[in-house]
Amino acid sequence: QLGSHHMREQAEVSRDLGELLLQLGSTKEAEQILREASFTARAIESASLSADLLRLHGRAVLVLGDTRQGRTELESTLNFAEQRGDVAIAVKTCIDLVEAADLGGDQMQMAEFLRARNPKVEIHLMATWSRADQTYPPQGAWAGQPIRLVMAATDGGKGNLVEAAVDDIRIRRP
């Protein structure tokens, strides 16, 4: 029992470190840490932690240029989140999938993918996502610029994951 508790804590710390490294643009290191933590999470049978690690690993793989593998991992995560009713992971994964579509230049394909999951969903691409490697380093294209995240979804039904939204986000870099 104590061993699995320690392994879970280790996987959670690795998840947080991997996410931070992704934000800082250290994608190769993030990918390795997230891959290893995924094995740990699966070994202790922590489903939600495994899903979050798979999502983050998919993001890392995307940034490293393997769009197919990254999308596959993100779509698997979304399937898992929908089956378990995990709204938080589903929303994060949808955001990652939209970013994946932007990186791969296949926004229409992603819109069709999301619409197939829920025909009533409305999708409006108003701007692209600012990538961490272009936001945080001083030489990045968006360095020092404010980032505004706007989300809106309507489907007319109740109890659907697409209705989840983020109300207010304030991120300050020290």
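Structural data are supplied above this passage.
Bear in mind that the values here come from a model prediction, so they are computed numbers and not experimental data.

Looking at helix H2 (residues 27-43)
- If you check H2, its first and last C-alpha atoms are 24 Å apart, about what 17 residues at 1.5 Å a residue would give, namely 24 Å.
- Thr-27, Ala-30, Glu-31, Leu-34, Ala-37, Ser-38, Thr-40 and Ala-41 are the residues of H2 that are buried.
- Positioned one or two residues after H2, Glu-45 has a phi angle of 60 degrees, which is positive.

Topic: the environment of Gly-18
- Looking at the secondary structure, you find Gly-18 in helix H1 (residues 2-24).
- Accessibility expressed as a relative area gives 0% for Gly-18, which makes it buried.
- In sequence terms Gly-18 and Glu-31 are 13 residues apart; their C-alpha atoms lie 7.1 Å from each other.
- The contacts of Gly-18, once residues within four sequence positions are left out, are Ala-30, Ile-33 and Leu-34.

Here's the deal with the pattern of salt bridges
- One pass over the structure, following the stated rule, counts eight salt bridges.
- Ionic pairing is found between Arg-35 and Glu-31, a salt bridge with its closest N-O pair at 3.0 Å. Highlighted residues: Arg-35 and Glu-31, both in helix H2, separated by four residues, approximately one helical turn.
- Its relative accessible area of 33% is what places Arg-35 among the partly exposed residues.
- By relative accessible area, which is 13% here, Glu-31 ends up buried.

Description of the packing of H2 against helix H3 (residues 47-63)
- It is the contact of H2 with H3, at a shortest axis distance of 9 Å, that shows an interaxial angle of 155 degrees. Compared by their axis directions, H2 and H3 come out roughly antiparallel. Two packed elements cross with a definite hand, and for H2 against H3 that hand is left-handed. Listed contacts from H3 to Thr-27, Glu-31, Leu-34, Arg-35, Ala-37, Ser-38, Ala-41 and Arg-42 of H2 are Leu-49, Ser-50, Leu-53, Leu-54, Leu-56, His-57, Ala-60, Val-61 and Val-63.
- Along the lines of polarity and charge, the residues of the contact of H2 with H3 split into 10 nonpolar, four polar and three charged.

Remarks on the packing of H3 against helix H4 (residues 67-84)
- Following both chains from N to C, one finds H3 and H4 inclined at 155 degrees, their axes separated by 8 Å at the closest point. Between H3 and H4, the angle falls in the class roughly antiparallel. In the crossing of H3 with H4, the sense of the turn from one axis to the other is left-handed. Here H3 contributes Ala-47, Ser-48, Ala-51, Leu-54, Arg-55, His-57, Gly-58, Arg-59, Val-61 and Leu-62 to the contact with H4, which in turn contributes Thr-67, Gln-69, Gly-70, Arg-71, Glu-73, Leu-74, Ser-76, Thr-77, Phe-80 and Arg-84.

Here's the deal with unusual backbone geometry
- Of note, Glu-45 is a non-glycine position whose phi angle comes to about 60 degrees, a positive value.
- The topology assignment puts Glu-45 in the loop between H2 and H3.
- Relative accessible area serves as the criterion here: at 72%, Glu-45 is assigned to the exposed category.

Definitions and limits used
- Residues numbered from 1 in each chain as written.
- Predicted model: local features only at pLDDT ≥ 70, side-chain atom pairs only at ≥ 80, totals over all residues.
- Heavy atoms only, no water.
- Helix = DSSP H or I, 4+ residues; strand = E, 2+ residues; numbered from the N terminus.
- Expected span 1.5 Å × (residues − 1).
- Buried < 20%, exposed > 50% of the residue type's maximum accessible area, 1.4 Å probe, protein only.
- Contact = heavy atoms within 4.5 Å.
- Salt bridge = Lys/Arg side-chain N within 4 Å of Asp/Glu carboxyl O.
- Axes fitted to C-alpha atoms, helices over the stretch in contact; angles between N-to-C directions.
- Parallel < 35°, antiparallel > 145°, perpendicular 65-115°, else oblique.
- Left-handed = near helix turned anticlockwise from the far one by under 90°.
- Nonpolar A, V, L, I, M, F, W, Y, C, P; charged D, E, K, R; others polar.

Read these as geometric descriptors, not functional statements.
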